[in-house]
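# Structure assessment
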Amino acid sequence: MSSDDLATRIRAASRSCPRAVSGPVFRPPSQAFADLARACAELGVDEWDTYGESGPVERLESELTELFGVQAAAFFPSGVMAQQAALRVHTDRAGTRKVALPDLSHLLVHEEDGPRLLHGLEISLLTRGFQPPAAQHVEAIPGRLGAVLVELPLRDAGCLLPSWEDLTALSEACRARGVALHFDGARIWESQPWFGRPLSEIAALADSLYVSFYKGLGGLAGAALLGPADFIAEARLWRRRHGGTVYRLTAEAVSALAGLRDQLPNIPAAVAWARAFAAELPSFIAVQPGVPHTNQFHVYAAGSADAVNERVLAIIEERRIGFPAWHPAQEPGRITTEFAVTGAALALDPAEMAALVAAVAAPSAAPARH
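Residues numbered from 1 in each chain as written. Predicted model: local features only at pLDDT ≥ 70, side-chain atom pairs only at ≥ 80, totals over all residues. Heavy atoms only, no water.

### Digging into the sheet that holds strand 6 (residues 180-185)
- Spatially, the seven strands line up as an open sheet ordered 2-8-7-6-5-3-4, and their pairing is mixed. A strand with exactly one partner marks an edge of an open sheet, and here the two such strands are strand 2 (72-76) and strand 4 (122-125). Taking each pair of neighbouring strands and ignoring which way they run, the sheet shows an average axis angle of 20°.
- In this structure, strand 2 lies alongside strand 8 (residues 223-227), joined through five bridges in antiparallel fashion. The residue bridging F76 from the neighbouring strand is A223, located in strand 8.
- The strands touched by helix 4 (residues 79-94) within the sheet are strand 2, strand 3 (98-101), strand 5 (147-151), strand 6, strand 7 (208-212) and strand 8, with strand 6 carrying the most contacts at an inclination of about 175°. (Pairing = 2+ DSSP bridges. Helix = DSSP H or I, 4+ residues; strand = E, 2+ residues; numbered from the N terminus. Axes fitted to C-alpha atoms, helices over the stretch in contact; angles between N-to-C directions. Contact = heavy atoms within 4.5 Å.)

Given below as structure tokens:
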């Protein structure tokens, strides 16, 4: 059976499990919408928004401004739209389309060249590969810059984060140069324990910040831009130009409010579990970063993805615990997978789960029996 077929079977088997080492427990739409109706009653939501204004959307934006200590926030249907709007506002103000961002940034890897095609952005690389950003990277880019984007964390590098000292120095370097600093905070909730600072102190380092609602917070969809009131007013114009003023966003906003209430308090425990789990993995499994910076990280091992996935599938079916599939890595003869720990893992023993991963990934592991 091919790797793709096995990965599909692993995802299907994991969705039926009541616990998971990686990812949340699957909820069918009927359950998700029932939970949403319950959240409406519990949160006292009894009115709709209209085109992203008033109702629960306005309430969500108000909660975000208080949580992050910013002047204003605007709900967006997607992070792709939110971040392109943010960079457009910053570059219009600066009078240059040149922006600096990591070569592994979501904008370069996953957005089909949208920033260049839609907004004419000229890209300079802030960092390359598995490298956390620092002040010297800003200082090394010549010429005028419209904005610097830092992804917190850099997901395609195993959710890599800079140290607090390096992030502070980078912010100071941007301000000394008069360049707007934007934080791609899709997983800012999961990054906060690494920095050990309140979200408001993290946000204060940047000129604008994007947050996501459907990842760590478990919302249905959606994102928000945060920053000064005049910046957010301009970003709202670009939201409309992009077609982002959807008639009803109530369901997405309520799910985000519920996530702030129910999921955000559990994230530090998920980060701690991820680190304990990673520490128990054997030396033949390489962890990136070595000590996870968030609840999410990559691992690498020698072997065949097909052989390992056969064993992963057998473990899932036997233990009724969700695990991710493995895939070929760029380096020949190596395989990789990503763990994203959620509340679904907290009742499990991290050492026991690490032993299961070691068993399926061990070079001498026996073939699975069905």
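From this point, things continue past the structure.
### Some points on the sheet that holds strand 12 (residues 327-328)
- As summarised here, the arrangement of the four strands in space is 9-10-13-12, forming an open sheet in which the pairing is antiparallel. In this open sheet, the two strands that pair with only one neighbour each are strand 9 (286-288) and strand 12.
- When strand 12 meets strand 13 (residues 334-340), the two strands line up antiparallel, connected through two bridges. When the sheet's bridge partners are listed, P328 is paired in strand 13 with I335.

### Comments concerning helix 4
- Taking 1.5 Å of rise per residue, the 16 residues of helix 4 would be expected to cover 22 Å, and the 22 Å separating its terminal C-alpha atoms lies within 8% of that figure.
- Helix 4 sits mainly inside the fold: 12 of its 16 residues count as buried.
- Inspection of helix 4 places G79, M81, A82, Q83, Q84, A85, A86, L87, R88, V89, H90 and T91 among the buried residues, and these make up the whole buried set.
- Looking at where helix 4 begins, the residue whose side-chain oxygen comes 3.2 Å from the main-chain nitrogen of M81 is S78.
- Looking at the residues trailing helix 4, positive phi occurs at G95, about 75°. (Expected span 1.5 Å × (residues − 1). Buried < 20%, exposed > 50% of the residue type's maximum accessible area, 1.4 Å probe, protein only. Polar contact = N/O pair within 3.5 Å; in protein donor to acceptor, adjacent residues only side chain to side chain.)

### Examining helix 8 (residues 164-177)
- If you check helix 8, its first and last C-alpha atoms are 20 Å apart, about what 14 residues at 1.5 Å a residue would give, namely 20 Å.
- Every buried residue belonging to helix 8 is among W164, L167, L170, S171, A173 and C174, and all of these are buried.
- In this structure, the buried residues of helix 8 make contact with helix 7 (135-139), strand 5, strand 6, helix 9 (188-195) and helix 10 (199-203).

### Points about the environment of A73
- Along the chain, A73 falls in strand 2.
- Put simply, A73 and P228 are 155 residues apart on the chain and 8.4 Å apart in space, counted from C-alpha to C-alpha.
- Beyond its immediate sequence surroundings of up to four residues, A73 is in contact with E61, L64, T65, L225, L226, I232 and R236.

### A word on the packing of aromatic side chains
- As enumerated under the stated definition, the model contains eight aromatic pairs in all.
- A centroid spacing of 5.5 Å and a plane angle of 65° characterise the contact between F68 and W189, whose relative ring orientation is edge-to-face. Of this pair, F68 sits in helix 3 (residues 55-68) while W189 sits in helix 9, placing them 121 residues apart in sequence. Accessibility assignment for this pair places F68 and W189 in one class, buried.
- Taking 6.2 Å as the distance between ring centres and 50° as the angle between the ring planes, the aromatic pair formed by F277 and F297 counts as tilted. Highlighted residues: F277 in helix 13 (residues 267-280) and F297 in strand 10 (residues 296-302), separated in sequence by 20 residues.
- An aromatic cluster of three or more residues is present, and its members are W273, F277, F297 and F339. (Phe/Tyr/Trp six-rings, centres within 6.5 Å; stacked < 30°, edge-to-face > 60°.)

### So, the nonpolar core
- Ranked by size, the top nonpolar core spans 51 residues in total, and within it F68, V148, F183, W189 and F213 carry the most contacts.
- The element contributing the most residues to this core is helix 12 (residues 250-262), with six residues.
- Within the second largest apolar cluster, 38 residues are counted, among which are W273, A301, F323 and A354. (Core = buried A, V, L, I, M, F, W, Y, C linked by side-chain atoms within 4.5 Å.)

### So, the pairing of strand 10
- Of all seven residues in strand 10, six are buried, a share of seventy percent or more.
- Pairing geometry for strand 10 and strand 13, over seven bridges, is antiparallel. Counterpart to H298 in the pairing with strand 13 is E338.

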